[in-house]
Amino acid sequence: MTVDQPLRVAVLGAGPGGYAAAFHAADLGMNVTLIDESPLPGGVCLFRGCIPSKALLHAAHLIEETREAAAWGINFAEPEIDLTALRGWKQRVVDRLTRGLGALSRQHSVRYLQGRGHFEDPNTIRVRTDGEVTDINFDYAIIATGSVPAIPAALRLNSPLVMDSTAALDLPDVPGSLLIVGGGYIGLELGSVYSALGSRVTVVEMTGGLLPGADRDLVEPLEKRLRSQFEAILLNTRVAELAEQDGRIRARLSAADIADPERDFDRVLVAVGRAPNTRNLGLEQTSIEVDSRGFIHVDHMRRTAEPTIFAIGDVAGEPMLAHKANHEGRVAAEAIAGQPAIFDPAGIPAVVFTDPELAWCGLTEGQARERGIPFEVSRFPWAASGRNITMGRTDGLTKLIIEPGTERILGIGIVGVGAGELMGEATLAIEMGTRVTDLHLTVHAHPTLAETLMEAGSLYFGHSPHYIARAPRP
Amino acid sequence: MPTDFRLPELGENITEADVVLVLVREGDTIAVDQPIATIETEKATVDVPSGVTGRITQIHIAAGQTVSPGAVIVTVDAAIGAEAAVSKLPAAPAAAVTATPPPLASPPAPAAEPSPPLAAPTPAPAAKPEPTEAVTVPASTPPAPAPATPAPPEGTAAAFAAPSVRTFSREIGVDIHAVQGSGPGGRIDIEDVKRHARELRATPVAGGIPPLPDFSQFGEVERQPLSRFRRTIARSTATTWSQIPLVTLFSTADSSAFEAIRRRYRDAASRAGGTLTDGVLLMKLVGAALKEFPQFNATLDLQREELILKQYVHIGLAVDTDRGLVVPVLRDVDKKTIVDLAADFRGISDRVKANALTLEEMRGASFTISSLETLGVSHFTPLVNWPEVAILGVGSNADLPSYEREELRVHKRIALSLSFDHRVIDGADGARFLRWLVNAIHEPAMLDIPEAAS
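Residues numbered from 1 in each chain as written. Chains lettered and ligands numbered in written order. Predicted model: local features only at pLDDT ≥ 70, side-chain atom pairs only at ≥ 80, totals over all residues. Heavy atoms only, no water.

A.B. asks: Which residues make up the overall build of chain B, and what are the values?
C.D. replies: Regarding its fold elements, chain B presents seven helices and 17 strands. The buried share of chain B, taken over its 454 residues, is 38%. Summed over all atoms, the accessible surface of chain B reaches about 24,800 Å², with 55% contributed by carbon and sulfur. (Helix = DSSP H or I, 4+ residues; strand = E, 2+ residues; numbered from the N terminus. Buried < 20%, exposed > 50% of the residue type's maximum accessible area, 1.4 Å probe, protein only. Areas by Shrake-Rupley, 256 points an atom, 1.4 Å probe, with all protein chains shown as cover.)

A.B. asks: Give me the overall build of chain A: which residues, what numbers.
C.D. replies: Helix and strand counts for chain A come out as 13 helices and 23 strands. A burial count over chain A gives 55% of its 474 residues as buried. For chain A, the share of sequence-separated contacts (at least 6 apart) that also reach a separation of at least 24 residues comes to 62%. Here chain A displays about 19,800 Å² of accessible surface, and carbon together with sulfur accounts for 52% of that area. (Contact = heavy atoms within 4.5 Å.)

A.B. asks: Could you give me a rundown of the sheet that holds strand β6 (residues 54-59) of chain B, with the residues and numbers involved?
C.D. replies: Residue and element names in this part refer to chain B. Across the sheet, four strands lie side by side as β1-β8-β6-β3; this open sheet has antiparallel pairing. Edge positions in the open sheet fall to β1 (2-6) and β3 (29-30), since each of these has one partner strand only. Where β1 lies against strand β8 (residues 72-77), five bridges are found, and the strand directions are antiparallel. If you follow Thr3 over to β8, its bridge partner there is Val76. (Pairing = 2+ DSSP bridges.)

A.B. asks: Can you break down the pairing of strand β15 (residues 367-371) of chain B residue by residue, with the values?
C.D. replies: Within a regular strand, side chains alternate between the sheet's two faces. Residues and elements named next belong to chain B. Burial analysis of β15 places four of its five residues in the buried class, the great majority of the element. In terms of strand pairing, strand β12 (residues 315-321) meets β15 through four bridges, oriented parallel. Residue Gly316 lies in a different strand from β15, and its bridge partner there is Thr368. With four bridges connecting them, β15 and strand β16 (residues 390-404) associate as parallel partners. Looking across to β16, one finds that Ile369 is bridged to Leu392.

A.B. asks: Lay out the nonpolar core in plain terms, naming residues and giving numbers.
C.D. replies: Of all hydrophobic cores here, the largest spans 73 residues; its most connected members are B:Phe296, B:Ile315, B:Phe367, B:Ile369, B:Leu392, B:Leu416 and B:Ile441. The element contributing the most residues to this core is helix α5 (residues 278-292) of chain B, with eight residues. Counting residues domain by domain, this core receives three or more from each of domain 1 (2-77) and domain 2 (245-453) of chain B. Those residues in contact with B:Ile441, other than ones at most four positions away along the chain, are B:Ala253, B:Asp254, B:Ser255, B:Ala257, B:Phe258, B:Leu282, B:Leu285, B:Ile414 and B:Leu416. Residues A:Ala59, A:Met163, A:Leu190 and A:Leu226 belong to the second largest nonpolar core, which totals 40 residues. (Core = buried A, V, L, I, M, F, W, Y, C linked by side-chain atoms within 4.5 Å. Domains from an automatic or database assignment.)

A.B. asks: So what about the pattern of salt bridges? Which residues, and what values?
C.D. replies: All names here are of chain A. Counted according to the given criterion, the structure contains 49 salt bridges over all chains. In this structure, Glu328 and Arg302 form a salt bridge, with 2.6 Å as the shortest nitrogen-oxygen distance. Here Glu328, found in helix α8 (residues 322-336), pairs with Arg302, found in the loop between β17 (274-276) and β18 (309-311); they are 26 residues apart in sequence, far enough to count as distant. A residue is classified by how much of its surface remains accessible, and Glu328, at 0% relative accessible area, is buried. In this structure, Glu334 and Arg330 form a salt bridge, with 3.6 Å as the shortest nitrogen-oxygen distance. Here Glu334 pairs with Arg330, and both are found in helix α8, just four residues apart, close to one helical turn. The network of salt bridges with common partners includes Asp215, Asp217, Glu365, Arg369, Arg379 and Lys399. (Salt bridge = Lys/Arg side-chain N within 4 Å of Asp/Glu carboxyl O.)

A.B. asks: Give a detailed account of the sheet that holds strand β2 (residues 31-36) of chain A, specifying residues and quantitative values.
C.D. replies: All names here are of chain A. Judged by pairing direction, the sheet is parallel, and its five strands sit side by side in the order β3-β2-β1-β7-β18 without closing on themselves. Strands at the two margins of the open sheet, each flanked by one partner only, are β3 (111-114) and β18. The average undirected angle you get between the axes of adjacent strands in this sheet is 20°. Pairing of β2 with β3 involves four bridges; the strand directions are parallel. The partner of Asp36 across the bridge, within β3, is Gln114. Most of the contacts of α8 go to strand β7 (residues 140-143), to which it runs at about 170°, and overall it touches β1 (8-12), β7 and β18. (Axes fitted to C-alpha atoms, helices over the stretch in contact; angles between N-to-C directions.)

A.B. asks: So, the environment of B:Arg195: which residues are in play, and what are the values?
C.D. replies: Residues and elements named next belong to chain B. If you trace the backbone, Arg195 turns up in helix α2 (residues 190-201). The exposure class assigned to Arg195 is partly exposed, which follows from its relative accessible area of 31%. Along the chain, Arg195 and Val179 lie 16 residues apart, while their C-alpha atoms are 8.8 Å from each other. Once residues lying within four places of it in the same chain are set aside, the contact partners of Arg195 are Gln180 and Ser182.

A.B. asks: With reference to specific residues and values, describe the packing of aromatic side chains.
C.D. replies: Residue and element names in this part refer to chain B. Per the stated rule, a full pass over the model turns up nine aromatic pairs over all chains. When the centroid spacing of 6.0 Å and the interplanar angle of 85° are considered together, the rings of Phe293 and Phe296 count as edge-to-face. Summarising the burial analysis for this pair, Phe293 and Phe296 share the class buried. Judged by centre distance (5.5 Å) and plane angle (65°), the ring pair of Phe293 and Phe433 falls under edge-to-face. Of this pair, Phe293 sits in the loop between α5 and β10 (298-301) while Phe433 sits in helix α7 (residues 427-442), and the two are 140 residues apart along the sequence. An identical accessibility class is assigned to Phe293 and Phe433; each is buried. One aromatic cluster in this structure is built from Phe293, Phe296, Phe367, Phe420 and Phe433. (Phe/Tyr/Trp six-rings, centres within 6.5 Å; stacked < 30°, edge-to-face > 60°.)

A.B. asks: Can you lay out helix α1 (residues 163-171) of chain B for me, pointing to particular residues and giving the numbers?
C.D. replies: Where α1(B) is concerned, the buried positions are B:Val165, B:Arg166, B:Ser169 and B:Arg170. Looking straight down α1(B), one finds its buried side chains confined to an arc of 140°; they lie on one side. Those residues of α1(B) that are exposed and aimed more than 90 degrees away from the buried face are B:Ser164 and B:Glu171. Packing partners of the buried residues in α1(B) comprise α11 (419-431) of chain A together with α2 of chain B. One or two residues past the end of α1(B) sits B:Gly173, with phi positive at roughly 75°. (Arc of directions from axis to C-beta.)

A.B. asks: Please provide a residue-by-residue account of the packing of α5(B) against helix α6 (residues 338-353) of chain B, values included.
C.D. replies: Residue and element names in this part refer to chain B. α6 packs onto α5 with a crossing angle of 120° between their chain directions and a minimal axis gap of 10 Å. Relative to α6, α5 is oriented oblique. Seen from above, α5 lies across α6 with right-handed handedness. Touching Val280, Leu281 and Lys284 of α5 are Ile338, Leu341, Ala342 and Phe345, all from α6. Tallied by class, residues from the contact of α5 with α6 come to six nonpolar, no polar and one charged. (Parallel < 35°, antiparallel > 145°, perpendicular 65-115°, else oblique. Left-handed = near helix turned anticlockwise from the far one by under 90°. Nonpolar A, V, L, I, M, F, W, Y, C, P; charged D, E, K, R; others polar.)

A.B. asks: Can you break down the side chain of A:Thr304 residue by residue, with the values?
C.D. replies: Residues and elements named next belong to chain A. You can see Thr304 is positioned in the loop between β17 and β18. Take Thr304: its relative accessible area is 0%, and that puts it in the buried class. Only 3.1 Å separates the side chain of Thr304 from the backbone nitrogen of Glu306, close enough to count as a polar contact. Within the structure, the side chain of Thr304 is placed 2.7 Å from the backbone oxygen of Ile309, a separation counted as a polar contact. (Polar contact = N/O pair within 3.5 Å; in protein donor to acceptor, adjacent residues only side chain to side chain.)

A.B. asks: If you had to explain unusual backbone geometry to someone new, which residues and values would you point to?
C.D. replies: Working note: non-glycine residues mostly have negative phi, and peptide bonds are mostly trans. Residues and elements named next belong to chain A. Of note, the amide linkage connecting Asp355 to Pro356 takes the cis form, showing an omega dihedral of 0°. Mapped onto the secondary structure, Pro356 falls in the loop between β19 (350-352) and β20 (357-362). A cis geometry characterises the amide bond from His446 onward to Pro447, with omega recorded as -5°. Tracing the backbone through its elements, the reader meets Pro447 in the loop between α12 (436-440) and α13 (451-460). With a phi close to 55°, Leu171 is a non-glycine residue in the positive phi region. The exposure class of Leu171 is buried, given its relative accessible area of 0%.

A.B. asks: Tell me about a nonpolar patch on the surface, and please be specific about residues and values.
C.D. replies: Nonpolar side chains collect at one region of the surface, where B:Leu212, B:Phe215, B:Phe218 and B:Val221 lie side by side and expose about 440 Å² of accessible area between them. Inspection of the secondary structure puts B:Phe215 in the loop between α2 and α3 (228-243). (Patch = residues over 30% accessible without salt bridge, like charges linked within 9 Å, V, L, I, M, F, W, Y side chains within 5 Å.)

A.B. asks: Give a detailed account of the packing of α1(B) against α2(B), specifying residues and quantitative values.
C.D. replies: Each pair of packed helices can be summarised by the angle the axes make with each other and by the distance between the axes. All names here are of chain B. Following both chains from N to C, one finds α1 and α2 inclined at 20°, their axes separated by 9 Å at the closest point. It follows that α1 is roughly parallel to α2 by the angle criterion. Crossing of α1 against α2: the hand is right-handed. Residues Val165, Phe168 and Ser169 of α1 touch α2, and the partners they reach there are Ile190, Val193 and Lys194. In terms of residue class, the contact of α1 with α2 is built from four nonpolar, one polar and one charged.

So this is what it looks like as structure tokens:
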């Protein structure tokens, strides 16, 4: 390798991590090959994750709103759902975005190679496409193969009635009853979709609460609303066994005091989590180290134990989120270019696109307690938000986690309509090292939900105009 | 009324101090002048007396922490017995304020685990099975190879700075976690990073040098945090080394005449509470030499291209202690008699031993004497104590043979080493200073010493 020749970089996996890494590496002057089994870049996020689920959730929210509109004096008939057309619209959304990525690959001068990649040695990936074999020699490779739905062995049933998230997003039909195994964000989002379309949804969660990891005060308003929409939410409950019987699925539930452990459902969605996709990649031909859960060990630059190979996104560890992968892709590309890049975000936002949405960034209250980090909290309930009331809602909460002494904002958690969009300001605040005073002194447009961030800041000083919570600070 | 008590100014150029001990607890009632904490500055360990009276509602410092003058150290409710201000802290543990003070030697919170071993990638054996679901890789897999960009300490939160500032910091090779933020609440801006980088350049010990090898491959090692004393010495000696073109001249003086002087004024010195040592006599002679050669009692101001000539003679004495090098200063040496100086010297030696020197007693030297006499060293090359321009190194004072009128005799001869800043002082001037001093040691009577008897 001489200085005159551009570095040859192979990116394995064209999801939001892989294509971001590939495009950035190409922009930095490297000779980039982007390898993926799909004909177009996009990965799970665009083809069978974030994007199709959000399209369907958009439709679901519309249905729910037409039902609520009765309270505002607007009456709609029950919607007629043309599943084929709905699937078609969802697919057009996906196609539009993935075709756009295909065009962008060309514009960034990235060579897109469809096929399945396998490491032969620390400088070669063998790509198989319909029997054709191409060896890609690289100076550096970036593994961005993402994750796949994890299905526990006990729930693995060779039946189309038992779906993973990918199958559920294909919207085969609207089952009369749907069992969702797992009360995480995937289960709740897809549960919301199927519930709005007319399914009676039962969610079974093994732990004591929905969305483990999120603060309980944020989960509470969401859980309350979901309980009014879903058939049942069963906590501290396991699905011990699934069996197909007369075209339905019989589930045996296991919990401390369950009256009717045997229940029948038209379909089952298993959404207990995702597993990193690190198998059958030929990693054993390299020095790459993989932990017991399948995650690749990486350093702060996202370099693996094999000096020529980097790993980003879901394969490189939690949180398994597209935007985290995207940022890591940028870091890895810059690190390969010799720039002093490291992955050190002050906060990575997480958004659950239910109704209400639940979102947080940076330190949660639970983490602060667990790790013994001193903190202060300021909570602004959305019952005092003018904008929220105009949308016919009273539920919602904006919460700031604050470092005592410095007033630095360490974390922000929000539950409420559109909480995800508020994460923009929240994440910027955390990343910029904003102090509560700054938030409190920034003029926010009225009436907007973003005002709740300012109000939570004001409340810290006891000065919120719209909510009285405590005596003003001295 | 809650009142914040802030760390007072600690003296010129002192911008921070390490908290060694917190001497009070929340809920304690304190009075003015009662010590709140023991802190270690670049120059001394001192107690911070309270400037307020009242009940302590919150302590903002903890042992091991670095604080700057002006930082709030305690909040006091001045109305004793009144309702305490509501503490907004939830149940989470506050700063480590413990009933039993931590040991003095407790290091400031270690920044990071030692670096992982350098990369030695082991080629995967061909027989290694492909990772399948059944295969579990041991949790104790070795860490990733050592990175080119320094890793932030594991588990540390992102630095209190915008991403652009963090990136800039990495680009210029500064560990942002070591930067002191000047913004509100301690936020770090780009100017703070630049200032830190400039300071680092003057401190090769802390940065700007190639990464260290992994010594564990050669044998076991132990890492010790540098004390503030050590860091200060590292910084100041490196400044001297890199900034000052230093010349050292050696000479030897017959100190036999000291004996007579010592005998004559011993009782007077002892009545004054001092001991008349060779060091005291030498100091007096150096004081006189500095009046004769004012450019040795000066500072070079390169910015204004001026020489600052001190109209006072304050001599610093480099003293070896178990904490490291300490340089107490004896003031107005030229104006004091040897008896006064003997008493002053005794007093300051006692306070050095007791680690009780005040900051005031370690500031303002215009010339320094460094003695390695008792350690058996003859000549050496002392480093000028910047911003001074010269230093005298005193070595062994031993019986040495010499010819006197063609006869071999034995005299006590003292080894003298004079280092000076060549930008200010030429070699010949250095030689003249040294010759003057040697002659004065030979004939101390030429000094105005008899006054000392009065």
